[in-house]
Amino acid sequence: MVACYSANVRSTIVGWAAGSVLVCATACGPDITEPWQILEPIDLGMTLSLGTPGAFSVPLPDPGSRPYHQVLPLDELLVTPSVAGLDGLIPLEDLEFRYVVCSATGCGEALNRADGDLPVCASTGAAEIPCVMSADPTPTGSFVVPTFTEATPDDPGAAFPTSGVAAIGSRTGAPGADVCVARLRDRAPLGGCFVLFRSLSFGPQGTFLELLEESGADIDLDDISEAALAAPRNRVPQVDAVTITVGTNAGTAAPGSTINVSTGDTVRMQWVPSDDDFDEYSVFTEEGDELRISDLLLGAWWTTDDATAFDVDLTSGTSVEWVVGNEPGTKYVYLLVRDASAAESVAWFRFDVSQG
Amino acid sequence: MVPLRRFAGLIAATLTLGLPCAASAQDDAACEAQVCASLSVVLKARGERQPLAQSRVIIIPSPEGAEEGPLQPPPPLPENPAWQRVATTDDAGSIQVLDVPSGRVRVIVVAPGYERFEAVVQTGRAKPTTLFVPTSEETSYRTVVETSGGPPRAEVPSQLLSREEIRTLPGSQGDPLRALQNLPGVGRTPGNLGLLILRGASPDQSRVYMGGHALPRAFHVLSVASVFPAEVLDELRLVPGNFDAAYGNATGGVVLIEPRAGRRDGLHGFSEIDIAAASTMLEGPLGKGSFVVGAQRGYADLLLNAADRISERVTGETSSTLRPTYYDYQGMLDFPWKRGTWSVRAFGAGDRLQTPDTDQGALARGGFDYRTSFHRVDAAVRAAQDGWRFWWTPSFRYESGRLFFDAGDQEQIRRDYVLSMRGEMSRRFSRRFTWLLGTDLEVDGFVATSESSLGLPPGTPPSFDRVRGLETALGVYTTAPLDLGRVHLVPGARGNAFTTRTQAAFSFDPRVAATVDVADRWRILAAVGKYSQAREVTETATLNLLDQGASFGDASVFYPPAFTRFQPSVGFAPGNRQLTVRQALHVSLGGEVALDDDVDLEVTAFAREQDNATPTLFDGQRIDFATREHNIGAQALLRKRLTNKLYGWIGYTLMWSQLRFVETAPGEDIPSRPSDFDQRHNFNLVASYILPKNWRIGGRFRVVSGFPFTPVIGSINLAEQRGAVQGRRNEGRLGTFHQLDLRIDKRWIRDRAIITGYVDVQNVYNRQNPEAVLYSADFRRQEDVIGIPIFPTLGLRVDY
């Protein structure tokens, strides 16, 4: 019965409620720090990439300059978090995480912990348990994607053994991954801890769906569009360079490079993707026309500067205009790029700001 | 001005001469010298217009050249008037003196509680001349209503609020139930809106009774106002715990409202308008009885609509402001009969909350429309015969609720046809022993429908569900008050039976209350009792207006769980939960001392231990962990009761309210947590004083512990957004609330009406009181969401 309406409806209602008289009558929202400003280390993203291919993935075509993002069962998955500090990305060797592989029912909800239970994580994996946690803290994670289980009419979802991966950690010893896990379990403040979750993306989609059908899942490949079936294995977009324009001076900068600007300068930055980032491929329509399909690429920007306008909205594209703040010194700008399959990576740039 | 003492001397001399009504020889001579005529005068209170019975009227010759009308100021009284008459008004406030020398005469009125009043009146008029006598400023103006004696009830610590207190309390805008929030044992509500939090109990565990029947809800939508105005009540009694066996299906406290009879001294009424609502009422005699009719309409929707239209023209953006609409009405008839009184009362309330319409009048895309109303007719008969007293009151209530979502055309409707009945008989068998037997019954026949197209392919008929059913609650209770000299005992018991469509549950609640008169001005009160309430098994659809983590720009706002009680909902039908009965034990021990004739001090310690009777599903599956509620505390009240000029009190409540876990989730080792309504300290200082020239000034100062809330302890990076990682429920606590409210009333008294203007300023020193918590997009920074800033309200009222 109508005990609770769908999340979509609820979110719609919340949208209405945002402007409701109740909120107006009971509360006035204060100013709060802008989301693009980095005042302390913060996790920006997590790159999932293919490690050693499993039995279903061999042979693989050459990935080019980008690692594969999508995996198939029995592939090794590499997990690399990106944590922004106040002086550049924190080196991986200064980080430690415990990695959690979540089952189809997911530990994302449990990690979200909106009054729910802790994820029950065992040291060994099996498809029926909610999640599996890595044995020791490590900078990066790797695990073998579980293979399919046999789907049954009572449990059609059993064919999807894994839904995602989570990372819980911090800078090494500050406070440490195990402390963070304990805090999460005890619902203690997570200061200094980073918690990330990403859904796994399986691909190539056509191969994955065929394997799924072979495992007993009720999938009619005839109902799947040719564009989906023909999509190549998705790769991780990466930043090789950005164009930086200060006034009338334009140039190109590689991640990690230093750019000199002055206070009050207007700096325009734009990511220049390579062909490998687009994962382009062709399909043919029924009329025989070739249709080129390429990935949707998005970017989000952060800064350690007291900027007045910045953009962390991924839907806004891959460029940003930055009005440098009034405080001279060294500032850092971070760029996270992501494609439609949620493959992502992070780059950063150093700006020496002199008095303008 | 003539000194009053001298005037009193004149009266004394008159009485000594034995001339209350008859003329003296000197007066006879006056009549012989000139033509005599009759004089008819009616005395009425200025403004209120009630007749002044038993008032002395002295009639002497008019001053030379004086015009008809009030003498302001009156000239000195003559040492030896040429003649004089003295009369006393009857119950209608009239006098008729037949032998008054013709022409203009000087009428002097002396009535206790009223100013000395003089006027020049023309004799010999066919119709009586009405004189409006001003109320003395030494006496506060208030309407006195006779109350009929109710049945004997346990004398547990409880508080009464008068209509005048409710009307003039600062910060409460004349709302009766919000006025209760200033008393000890009653918690402050989130956002200063309307809820009844009695001694830490959840609002749904307490009930509001009107005329012996429970109200389906006490407040209008979004809790902006009570569903009835203060003007219709005779008495508002708060019993925050250990209430009498006559009341059941509640484990918190009760509020008892007794509707009043209309006045019989003429047609009276009022009209009032303020920033949020307009109300009016009319009352008067009807045959041998009386009537009262009244109505109230909130017009926030009209104001918001106008504001939105302006905003849309200026900004070009469509408004998304919710528009709450509410109304309530009351109609009451009271008549005497040879063995008692009988009454018929009709009242109801309706609410609507909707998202704005489109230009075409249709519901905007993604919007919703919520409507709820109830309409009730009560009859009540009180009678006495052969030493027995009877009270019988049947009631019928029609209730409806509808929630419609544009998304998926989802609609849920529930209609309830509720027959309620209460009957009591009592007899005083001896000076020491009284016995009462009573029963209350509520039979709720409901029809619920649900329709939805959500997720269905276009062209598919919507899914439809319709359920009919019956839910009942029957109580049988008895009390036997014993008067043992200094000790007064009220033992009682109540049996309850609850049924839904397929289930039944029972409970038995013994209760006892005692008072001991320790000395003339001292007494001790103690009570212990068991209380039961059927847990709600009806599935409901709720408007999640205050979802935790709702977006507020780039940030997210998290409310204390107490806020969720404001969310409007519509019930459907009993689901697949077992019907269980929540059971609580109340214990209270206190003392009262009368420090002066109108100053009392009360101190009460209380405890409440409650088994929440966590239900299971029909298949035995647990849906929640078993819990108990544990409340303990003490409350104190130093109260100056309403007298001539001043009323006020200092109230303080110290309380711990916790939820204890009988079972816990694996890995959880927390034995308890603060309940959603835990408020450690609650201090209220209230005072209202009448100043000269019909001014009144009042103030309220409150200091209250902040509400518990569930803090966000960190965040989880979920790619597209960050999700909040919440800590243990109610582990955090908002900052202390403190606020000063002031109210100034000014009355302009005219002959036939009293006009009152007031300004009620909430949060005078603009304290930034936290009501919720706002988290930055990365949940690393937080700020308090501030409640109502300094907020003046203007109001205008006309009494006649």
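Rules used throughout
- Residues numbered from 1 in each chain as written.
- Chains lettered and ligands numbered in written order.
- Predicted model: local features only at pLDDT ≥ 70, side-chain atom pairs only at ≥ 80, totals over all residues.
- Helix = DSSP H or I, 4+ residues; strand = E, 2+ residues; numbered from the N terminus.
- Buried ≥ 20, exposed ≤ 12 C-beta atoms within 10 Å, placed from the backbone.
- Contact = placed C-beta atoms within 7 Å.
- Core = buried A, V, L, I, M, F, W, Y, C linked by C-beta atoms within 7 Å.
- pLDDT = per-residue confidence, 0-100.
- Pairing = 2+ DSSP bridges.
- Axes fitted to C-alpha atoms, helices over the stretch in contact; angles between N-to-C directions.
- Arc of directions from axis to C-beta.

## Focus: the overall build of chain A
A tally of regular secondary structure across chain A gives seven helices and 19 strands. Every one of the 356 residues in chain A was classed for burial, and the buried ones make up 39%. Excluding contacts between residues fewer than 6 apart, the proportion of contacts in chain A whose partners are at least 24 apart in sequence is 67%.

## Here's the deal with the overall build of chain B
When helices and strands are counted, chain B shows five helices and 47 strands. Seen along its three principal axes, the alpha-carbon backbone of chain B occupies a region of about 110 × 75 × 50 Å. Within chain B, buried positions represent 43% of all 800 residues. A fraction of 66% describes how many contacts in chain B between residues 6 or more apart in sequence connect residues 24 or more apart.

## Things to note about the nonpolar core
The tendency in soluble globular proteins is for nonpolar side chains to be buried side by side. Ranked by internal contacts, the top residues of the largest apolar core, which has 156 residues, are A:Val165, A:Ala166, A:Ile168, A:Val195, A:Tyr334, A:Leu335 and B:Val255. Non-local contacts of A:Ile168, meaning those with residues more than four positions away in its chain, are made with A:Phe97, A:Arg98, A:Val100, A:Ala177, A:Cys180, A:Val181, A:Leu184, A:Cys193 and A:Val195. Core analysis: the next-biggest nonpolar cluster, separate from the first, contains 25 residues, B:Leu52, B:Val57, B:Ala119 and B:Val133 among them.

## Things to note about the confidence of the model for chain B
Residue and element names in this part refer to chain B. With 91% of its residues at a pLDDT of 70 or more, chain B shows a mean pLDDT of 86. Of the regions scoring below 50 in pLDDT, residues 1–25 engages in 27 contacts with residues more than four places distant in sequence or in other chains. Scored below 50 in pLDDT, residues 138–148 makes 14 contacts in the model with residues more than four places away or belonging to other chains. For this predicted complex, the interface confidence reaches an ipTM of 0.87, while the overall pTM sits at 0.82.

## Comments concerning the pairing of strand S11 (residues 249–253) of chain A
Residue and element names in this part refer to chain A. Of all five residues making up S11, only zero are buried, and the element is barely covered by its neighbours. Of the pairings in the sheet, the one linking strand S10 (residues 242–246) to S11 comprises five bridges and is antiparallel in character. If you follow Val242 over to S11, its bridge partner there is Ala253. Counting the residues between successive antiparallel strands, the hairpin from S10 to S11 contains two residues, one of them, Gly247, with a positive phi of roughly 65°.

## Quick look at unusual backbone geometry
With the exception of glycine, most residues fall at negative phi, and the peptide bonds are largely trans. A cis geometry characterises the amide bond from A:Val58 onward to A:Pro59, with omega recorded as 0°. Locating A:Pro59 in the fold gives a position in the loop between strand S1 (42–50) and strand S2 (76–85). Following A:Gly203, the chain continues to A:Pro204 via a peptide bond in cis, the omega torsion being 5°. Positive phi is not limited to glycine here, since A:Ala342 has a value of about 65°. Residue placement: A:Ala342 occurs in the loop between strand S18 (329–339) and strand S19 (344–354). Positive phi outside glycine occurs at B:Phe779, with the angle close to 60°. Structurally, the position occupied by B:Phe779 is in the loop between strand S45 (770–775) and strand S46 (782–786).

## What about the sheet that holds strand S5 (residues 94–101) of chain B?
Residues and elements named next belong to chain B. Read across the open sheet, the three strands follow the order S5-S1-S8; overall the sheet is mixed. Either end of the sheet is taken by a strand with one partner, and the two such strands are S5 and strand S8 (129–133). Each strand axis lies, on average, 30° off the axis of its neighbour in the sheet, ignoring direction. Relative to S5, strand S1 (residues 36–45) is paired through six bridges, and the arrangement is antiparallel. In the sheet register, Cys36 faces S5, and the bridge partner there is Pro101.

## Details of helix H4 (residues 177–186) of chain A
Residue and element names in this part refer to chain A. Within H4, the full set of buried residues consists of Ala177, Cys180, Val181, Arg183 and Leu184. Around the axis of H4, the buried residues are gathered within 160° of arc, so they sit on the same side. Phi turns positive one or two residues past the end of H4, at Arg187, with a value near 55°.

## Considering the sheet that holds strand S2 (residues 56–61) of chain B
Taken in spatial order, the five strands line up as S3-S7-S6-S2-S4 (chain B) in an open sheet, and their pairing is antiparallel. Among the strands making up the open sheet, the edge pair consists of strand S3 (69–70) and strand S4 (85–88) of chain B.

## Focus on the environment of B:Ile713
Structurally, the position occupied by B:Ile713 is in strand S40 (residues 712–717). Here the alpha-carbon distance between B:Ile713 and B:Leu196, two residues 517 residues apart in the chain, equals 31 Å. Setting aside chain neighbours within four positions, we find B:Ile713 in contact with A:Arg187, A:Ala188, A:Pro189, A:Leu190, B:Val725, B:Gln726 and B:Gly727.

## Describing the environment of B:Leu489
Residue and element names in this part refer to chain B. With respect to the secondary-structure elements, Leu489 resides in strand S25 (residues 487–499). Along the backbone, Leu489 and Asn305 are 184 residues apart, and their C-alpha atoms lie at a distance of 58 Å. Other than its neighbours up to four places away in sequence, Leu489 contacts Leu482, Leu484, Val512 and Ala514.

## Side note on the confidence of the model for chain A
Residues and elements named next belong to chain A. Per-residue pLDDT for chain A averages 78, and the proportion of residues at 70 or more is 75%. Here residues 112–120 scores under 50 on pLDDT; set against residues more than four positions off or in separate chains, the count is 23 contacts. Contacts from residues 122–129, a stretch scored under 50 in pLDDT, to residues over four places away or in other chains number 13 contacts.

## Describing the environment of B:Gly423
Residue and element names in this part refer to chain B. Within the fold, Gly423 resides in strand S21 (residues 410–428). For the pair formed by Gly423 and Leu437, sequence separation is 14 residues and the distance between their alpha carbons is 8.4 Å. Among residues more than four places away in sequence, those in contact with Gly423 are Trp392, Gly438 and Thr439.

## Topic: the pairing of strand S33 (residues 599–611) of chain B
Residue and element names in this part refer to chain B. In this structure, strand S32 (residues 581–596) lies alongside S33, joined through 13 bridges in antiparallel fashion. Directly across from Leu585, in S33, lies its bridge partner Glu609. As consecutive antiparallel partners, S32 and S33 are separated by two residues. Pairing geometry for S33 and strand S34 (residues 627–640), over 13 bridges, is antiparallel. Each residue of the ladder has a partner; that of Ala607, found in S34, is Ile632.

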